[in-house]
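Structure assessment
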Amino acid sequence: MNAPTPAPTRARPSPETVDAVVRELTAQFGNRVVTSQAVREQHASTLTWVANQPPDAVVYAESTEDVQAIVRVCAAHKMPVVAFGTGTSLEGHVNAPFGGISIDMSGMNKVLAVHAEDLDCVVQPGVTRKAVNEHLRDQGLFFPIDPGADASLGGMAATRASGTNAVRYGTMKDNVLSLTAVMPNGDVIRTSPRARKTSAGYDLTRLLVGSEGTFGIITELTLKLAGIPEAISAGVCPFPTIKAACDAVIVTIQSGLPVARIELLDEVQVAACNAYSKLTLPETPLLLVEFHGTDASVREQAERFGEIAAEFEGGPYEWATKAEDRTRLWQARHDVYWAAVGMRPGAKVIATDVCVPISRLAECVDATKRDIVESGITAPIAGHVGDGNFHTSPLVMMDDPDEIARVTGFIERLVARAIAMEGTCTGEHGIGQKKMRFMELEHGPEALNLMRTLKRAIDPDNIMNPGKVVAV
């Protein structure tokens, strides 16, 4: 059994249209056009409980000109187009509910330029966050946005991703200076110059960042970089309750302590991480904390955090002093999804996230924890709690209708709770297919209608990733 998908918003192309488009694309791209069932299903891998909905064909692009040529063929036939990076998104973004062409961007994986003196770089969308940081390391620079997966930069921009560093460095919307994109009619646009700021016209960069491929396909990004810190200090601090841990986070942020990372794991998630990542963390709610700066500043920041934690019965605070220990710790945090997979063999992990104002964090997480227990489900909690964003990952046996109903009800209540606290249904996963049903609850009908107006104006034939974000 699968969760219901949104109602159709357009017709699938006819078999004759599909054949015509595949012939035209094959004439231009040869064996870079693939129609095998296995490859098509791989490009609709959703990491959700939404059914796999494969495209009619996959085309491997290698340049902006390739993407432009593919989109022009599809536009002429009103054929859906879905961009594909690494397939790590969690809300059904790469599914093709109306068929169409999946454009695989993995071959567009070059770092085109690094302007070290300006602290920016220009990359193709298929390069992953780890690859770009490998390229930058020798210049003393790094790109700080770090979602759990080794995602592609184009996909991260399209979904407005963030990660553990967001509390200090912001999210993708704060770190993309400019984009090149292919629009639904095949036009190629550059959204902004490379300057750090501009007040010239509409902000097309932020219109496309977070649009999830529904307005256009990103083919180049100019990214803001940061210097690798002189000193890094990280540690683990256990707490007696999840509320105490969250209260410590609230005071830490409100006191202005410049923490780089502050991550929450509940005791269920800690146990899963210990088993999966071969760690020996105390199996109680805990915070993973990291500070960036000079030797003196990180020492002072860590001492101040230790004092705050003690106010909420947190501790002892254990330092990860070696670089390899910090790497293992943060890799375990990034692997929480896969750690959850191992908790219950045969179960499906349904990862979801919400975000609330920091002042409501403890209240929201504590209520969510009680809801999990009362619902009788297994759902570890982890979160980028420095900015009020947390995740929960219910494990569901998909052959158990009662369990599916309980998890569905839990997710509905989680989102309603967050929105009632002036939060959002998703802090960083995006909308995709799974969270479309919450858009009106969060934004109201007037704002949602404005979004539909923008979609229709930019993409009148609804070919760009249809069936995502808003129904038109």
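In the nomenclature of an unreviewed UniProt entry, the protein corresponds to D-lactate dehydrogenase (cytochrome) from the organism Methylobacterium frigidaeris. Word for word, the UniProt comment on the protein under Cofactor (unreviewed entry) is "FAD". Taken verbatim from the UniProt record of the protein, the Sequence similarities (unreviewed entry) comment is "Belongs to the FAD-binding oxidoreductase/transferase type 4 family."

Considerations on the overall build of the protein
Regarding its fold elements, the protein presents 16 helices and 20 strands. Relative to a compact globule of 472 residues, whose C-alpha radius of gyration would be 23 Å, the protein shows 22 Å and is just as compact. Counting every position in the protein, which comprises 472 residues, the buried fraction comes to 58%. If you take every contact in the protein between residues at least 6 apart in sequence, the share linking residues at least 24 apart comes to 74%. Accessible surface, the protein: about 18,800 Å² in total, of which carbon and sulfur atoms supply 53%.

A short note on the UniProt feature "domain: FAD-binding PCMH-type" (unreviewed entry) in the protein
When the UniProt feature table is mapped to this numbering, "domain: FAD-binding PCMH-type" (unreviewed entry) covers residues 51-228. Across residues 51-228 one finds 23% helix and 24% strand; the C-alpha atoms that close the span lie 42 Å apart.

Quick word on the packing of helix α1 (residues 15-29) against helix α3 (residues 64-77)
Two elements in contact, α1 and α3, have axes whose closest approach is 10 Å; the angle formed by their N-to-C orientations is 155°. The orientation of α1 with respect to α3, classified from their angle, is roughly antiparallel. Crossing handedness for the pair α1 and α3: right-handed. The segment α1 lies against α3, with T17, A20, V21, E24, L25, Q28 and F29 engaging D66, A69, I70, V73, C74 and H77. Of the residues in the contact of α1 with α3, the class split is eight nonpolar, three polar and two charged.

Topic: the sheet that holds strand β18 (residues 381-384)
The seven strands are arranged β15-β12-β14-β13-β18-β19-β17 in an open sheet whose pairing can be described as antiparallel. Either end of the sheet is taken by a strand with one partner, and the two such strands are β15 (318-320) and β17 (352-355). Pairs of neighbouring strands in the sheet enclose a mean axial angle of 20°, with direction left out of account. Pairing analysis gives four bridges linking β18 to strand β19 (residues 389-392), with the strands arranged antiparallel. Across the sheet, the residue bridging to A382 is H391, located in β19. Of the strands in this sheet, β12 (231-238), β13 (261-265), β14 (286-293), β15, β18 and β19 are in contact with helix α12 (residues 323-334), which crosses β14 at around 125°.

With respect to the sheet that holds strand β9 (residues 188-190)
Strand order across the open sheet formed by five strands is β5-β6-β10-β8-β9, with antiparallel pairing between neighbours. The open sheet has two free edges, formed respectively by β5 (111-115) and β9, since each of these has just one partner strand. On average, adjacent strands in this sheet sit at an angle of 15° to one another, irrespective of strand direction. Pairing of strand β6 (residues 120-123) with strand β10 (residues 217-224), which is carried by four bridges, proceeds in the antiparallel orientation. Counterpart to D120 in the pairing with β10 is K224.

Re the nonpolar core
Soluble globular proteins tend to pack their nonpolar side chains together in the buried interior. Core analysis: the largest hydrophobic core is formed by 54 residues, its most contacted members being L264, L287, F291 and F305. The set of elements that each furnish at least two residues to this core consists of β12, α9 (242-254), β13, β14, α11 (295-311), α14 (361-375), α15 (401-420) and α16 (439-458). Top element by residues in this core is α15. It accounts for eight residues. Leaving out residues up to four positions away in the same chain, L287 has contacts with G235, V236, C237, F239, A245, A248, V249, I262, E263, L264, F305 and V385.

What to know about a nonpolar patch on the surface
On the surface, a nonpolar cluster with roughly 290 Å² of combined accessible area is contributed by Y276, W338 and V341. Topologically, Y276 is positioned in helix α10 (residues 267-277).

Here we look at the packing of aromatic side chains
Overall, the coordinates contain five aromatic pairs when judged by the stated rule. Measuring from centroid to centroid gives 4.8 Å for Y337 and W338, while their planes differ by 85°, and the two rings are edge-to-face. The residue whose ring lies beneath R261 is W330, and the NZ or CZ to ring-centre distance is 4.3 Å.

Considerations on the packing of α14 against α15
As a packed pair, α14 and α15 sit with axes 11 Å apart at the nearest point and diverge in direction by 165°. Our classification of the angle between α14 and α15 gives roughly antiparallel. Handedness of the crossing formed by α14 with α15: right-handed. Touching C364, A367, T368, D371, I372 and S375 of α14 are R406, F410, R413, L414, R417 and A418, all from α15. Counted by class, the contact of α14 with α15 contains six nonpolar, two polar and four charged residues.

Remarks on the layout of surface pockets
Of the pockets and cavities examined, the second largest pocket occupies roughly 760 Å³. If you go around the second largest pocket, you meet 24 residues; those closest to its centre are N133, R137, F142, R261 and T327. Counting residues per element, the ones that place at least two in the lining of the second largest pocket are α4 (129-136), β7 (141-142), β14 and α12. Residues that form the lining of the second largest pocket fall into these classes: 10 nonpolar, six polar and eight charged.

Considerations on α11
Think of an α-helix as 3.6 residues a turn; residues three or four steps apart then line up on the same face. Along its 17 residues, α11 runs 25 Å from first to last C-alpha, staying within 8% of the 24 Å computed at 1.5 Å per residue. Every buried residue of α11 is accounted for by V298, Q301, A302, F305, I308 and A309. Along the axis of α11, the buried positions cluster into a sector of 120°, meaning they face one direction only. Turned more than 90 degrees off the buried face of α11, the exposed positions are E300 and E311. Each element contacted by the buried residues of α11 is listed here: β12, α9, β13, β14 and β15. Positive backbone phi, at 65°, marks E313, one or two positions downstream of α11.

Parameters and conventions
- Residues numbered from 1 in each chain as written.
- Predicted model: local features only at pLDDT ≥ 70, side-chain atom pairs only at ≥ 80, totals over all residues.
- Heavy atoms only, no water.
- UniProt positions renumbered as here; feature names shortened; annotations may be inferred.
- Helix = DSSP H or I, 4+ residues; strand = E, 2+ residues; numbered from the N terminus.
- Rg over C-alpha atoms; globule rule 2.2 N^0.38 Å.
- Buried < 20%, exposed > 50% of the residue type's maximum accessible area, 1.4 Å probe, protein only.
- Contact = heavy atoms within 4.5 Å.
- Areas by Shrake-Rupley, 256 points an atom, 1.4 Å probe, with all protein chains shown as cover.
- Axes fitted to C-alpha atoms, helices over the stretch in contact; angles between N-to-C directions.
- Parallel < 35°, antiparallel > 145°, perpendicular 65-115°, else oblique.
- Left-handed = near helix turned anticlockwise from the far one by under 90°.
- Nonpolar A, V, L, I, M, F, W, Y, C, P; charged D, E, K, R; others polar.
- Pairing = 2+ DSSP bridges.
- Core = buried A, V, L, I, M, F, W, Y, C linked by side-chain atoms within 4.5 Å.
- Patch = residues over 30% accessible without salt bridge, like charges linked within 9 Å, V, L, I, M, F, W, Y side chains within 5 Å.
- Salt bridge = Lys/Arg side-chain N within 4 Å of Asp/Glu carboxyl O.
- Phe/Tyr/Trp six-rings, centres within 6.5 Å; stacked < 30°, edge-to-face > 60°.
- Lys NZ or Arg CZ within 6 Å of the ring centre and 35° of its normal.
- 1 Å grid on protein atoms, 1.4 Å probe; cavity = no way out; pocket = protein on both sides within 12 Å on 5 of 7 lines; lining within 4 Å.
- Points joined across faces, edges and corners; volume = space filled by probe spheres on them.
- Expected span 1.5 Å × (residues − 1).
- Arc of directions from axis to C-beta.

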